[in-house]
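# A look at the structure
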Amino acid sequence: MSWLTEPWPWYVAGPLIGLIVPVLLLIGNKTFGISSSLRHTCAACFPSGIKFFKYDWKKEVWNLFFVAGIVIGGFMATGAIPDSQNIAVHPDLATDLSKSGITDYSGLIPSQLFSWNSLFSLKGFIIIIIGGFLVGFGSRYAGGCTSGHAISGLSNLQWPSLVATCCFMLGGFIMANLVLPVILNL
Amino acid sequence: MSVTKTIQQEPVEYQERALDAVCVNESHLTHPWWYNFKYLAVGLVFGVVFVKAEIISWYRIQEMFRLESFHMYGIIGSAIVVGAISIFIIKRFNIKTIYGEEVEFHPKTFNKGQVIGGLLFGLGWAMTGACPGPLFAQIGTGATVIIASLLSALAGTWLYGYFRDKLPH
């Protein structure tokens with residue numbers, strides 16, 4: 001049962017994720033996309049008379065069930081198979097992070113950065129709140145996120161999705177290599 | 001066929017919704033609400049893969065953008081290949097949904113949002129180490145502070161809707 005406790009390789013995880021595209025199409029004509037769930041939540045909870053949120057969100061409620069499934073899946077994978085060992089991290093990344101005081105590799109995300117205590121520090125606030133804001137604002141402005149553009153869009157050979165994916169990557173390269181090192185040392 | 005019909009019936013509304021392609025893809029069948037549990041099941045499998053393949057790990061995303069690991073490139077790349085082959089097969093053999101409906105595809109139209117929004121999204125992706133899917137899975141794993149990130153992402157979505165007419169597209 002080592003496959004349960006070991007991290008899964010990319011050639012297992014990638015094709016499984018790719019299969020979500022035809023599965024959603026075939027079980028109900030749905031396009032794989034996750035960031036839309038944020039829009040539907042806004043439409044359901046705070047439409048505030050904004051035209052962008054005036055649509056029948058109940059038709060899209062499948063998307064909210066889908067993301068609820070992701071939360072439960074995350075819970076089950078962690079609860080059923082607790083991690084016993086530290087996560088493997090590239091030595092160069094570990095060296096750079098240790099300069100910023102990130103040394104705990106016991107979880108999938110660095111607890112020294114993502115915790116309720118950290119939220120009230122400057123760098124924690126920037127990473128958790130500003131980062132989250134950019135994810136929500138940017139994905140809606142771009143018309144989709146990694147799932148909607150990079151996976152669904154490119155699978156259907158849509159060139160606007162290729163533009164979006166390249167811009168996602170460019171933004172990520174700039175942040176991870178140029179801006180984040182500054183934020184982490186605040 | 002049905003796409004052109006929709007355009008003729010409600011041109012303005014369609015173009016509004018077409019900027020967000022997910023909202024134009026709809027089944028024309030109505031089912032009881034509990035039919036949606038099948039999507040919950042698909043999401044559940046997705047959530048398990050997210051955790052087991054460490055896709056929701058902040059470290060894996062940093063390594064991707066620092067070109068220190070092939071892992072995420074392999075995952076996204078092989079997902080696209082499998083998705084593309086699947087869509088090709090569905091189109092080529094005209095495979096219907098389990099309810100016998102024609103599978104609908106909607107072309108995406110280019111606008112400046114894909115560039116500006118895409119860059120902003122990329123900045124946020126590398127900061128949080130998570131795109132929207134992993135945010136949900138991280139909360140599931142017990143990282144409750146990510147609820148704050150998710151609420152902030154909701155605020156970002158809402159503000160986009162609020163300022164949408166003033167933003168370049």
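For clarity, every value in this text was computed on a predicted model and none was experimentally measured.

### Details of the environment of G47(B)
As for its position among the elements, G47(B) is in helix α3 (residues 37-52). Exposure remark for G47(B): the relative accessible area of 0% places this residue in the buried category. The spatial distance from the C-alpha of G47(B) to the C-alpha of E101(B) is 28 Å, given a sequence separation of 54 residues. Ignoring sequence-local partners within four residues, the contact set of G47(B) consists of I70(A), G73(A) and G74(A).

### Some remarks on helix α5 (residues 91-99) of chain A
Residue and element names in this part refer to chain A. Among the residues of α5, those classed as buried are L93, A94 and L97. Each buried residue of α5 sits inside an arc of 100° when the element is viewed along its axis, so together they form one side. Exposed side chains of α5 directed beyond 90 degrees from the buried face belong to P91 and K99. Just past α5, the residue G101 takes up positive phi, approximately 85°.

### Observations regarding the packing of aromatic side chains
Counting across every chain of the model gives 28 aromatic pairs over all chains. Of the aromatic side chains, those joined through ring pairs into one cluster are F32(A), W62(A), F66(A), Y39(B), F46(B) and F50(B). Across from the ring centre of F52(A), 3.8 Å away, lies the NZ or CZ of R39(A), which sits over that ring. Here the basic side chain of K91(B) rests over the ring of F105(B), its NZ or CZ set 4.8 Å away from the ring centre.

### Quick notes on the side chain of E104(B)
Residues and elements named next belong to chain B. Take E104: it is sitting in the loop between α5 (71-92) and α6 (113-128). For E104, a relative accessible area of 11% gives the class buried. Among the polar contacts listed, one links the side chain of E104 to the side chain of H106, at a separation of 3.2 Å.

### Remarks on the state of the cysteines
Disulfide: a covalent bond connecting the sulfur atoms of a pair of cysteines. Residue and element names in this part refer to chain A. Per the stated rule, a full pass over the model turns up 0 disulfides over all chains. This cysteine, C45, is not joined by any disulfide, and C42 carries the nearest cysteine sulfur, 7.9 Å off. With no disulfide of its own, C167 has C166 as its nearest cysteine by sulfur position, at a separation of 6.9 Å. Given a relative accessible area of 10%, C167 falls into the buried group.

### Some thoughts on the domain arrangement of chain A
All names here are of chain A. Domain parsing of chain A yields domain 1 (1-82) and domain 2 (113-186). Taking only C-alpha atoms, the centre of domain 1 and the centre of domain 2 are 18 Å apart. On the side of domain 2, 9 residues touch domain 1, which itself brings 11 residues to the contact. Interface area, domain 1 with domain 2, both sides summed: about 720 Å², of which 67% is carbon and sulfur. Three residues, V21, F32 and S35, lead the burial of domain 1 against domain 2; their summed loss comes to 53% of the area buried on that side. Across the domain 1-domain 2 interface, the total number found is 0 salt bridges. Between domain 1 and domain 2 we count 3 residue pairs in polar contact (both at pLDDT 80 or more) in total. At the level of secondary structure, the elements contributing two or more residues to the side of domain 1 that touches domain 2 comprise α2 (10-28) and α3 (36-45). Looking at the side of domain 1 that touches domain 2 residue by residue, the class counts come to 6 nonpolar, 4 polar and 1 charged.

What counts and what doesn't
Residues numbered from 1 in each chain as written. Chains lettered and ligands numbered in written order. Predicted model: local features only at pLDDT ≥ 70, side-chain atom pairs only at ≥ 80, totals over all residues. Heavy atoms only, no water. Helix = DSSP H or I, 4+ residues; strand = E, 2+ residues; numbered from the N terminus. Buried < 20%, exposed > 50% of the residue type's maximum accessible area, 1.4 Å probe, protein only. Contact = heavy atoms within 4.5 Å. Arc of directions from axis to C-beta. Phe/Tyr/Trp six-rings, centres within 6.5 Å; stacked < 30°, edge-to-face > 60°. Lys NZ or Arg CZ within 6 Å of the ring centre and 35° of its normal. Polar contact = N/O pair within 3.5 Å; in protein donor to acceptor, adjacent residues only side chain to side chain. Disulfide = S-S within 2.5 Å. Domains from an automatic or database assignment. Buried area = accessible area lost by both parts, 1.4 Å probe. Salt bridge = Lys/Arg side-chain N within 4 Å of Asp/Glu carboxyl O. Nonpolar A, V, L, I, M, F, W, Y, C, P; charged D, E, K, R; others polar.

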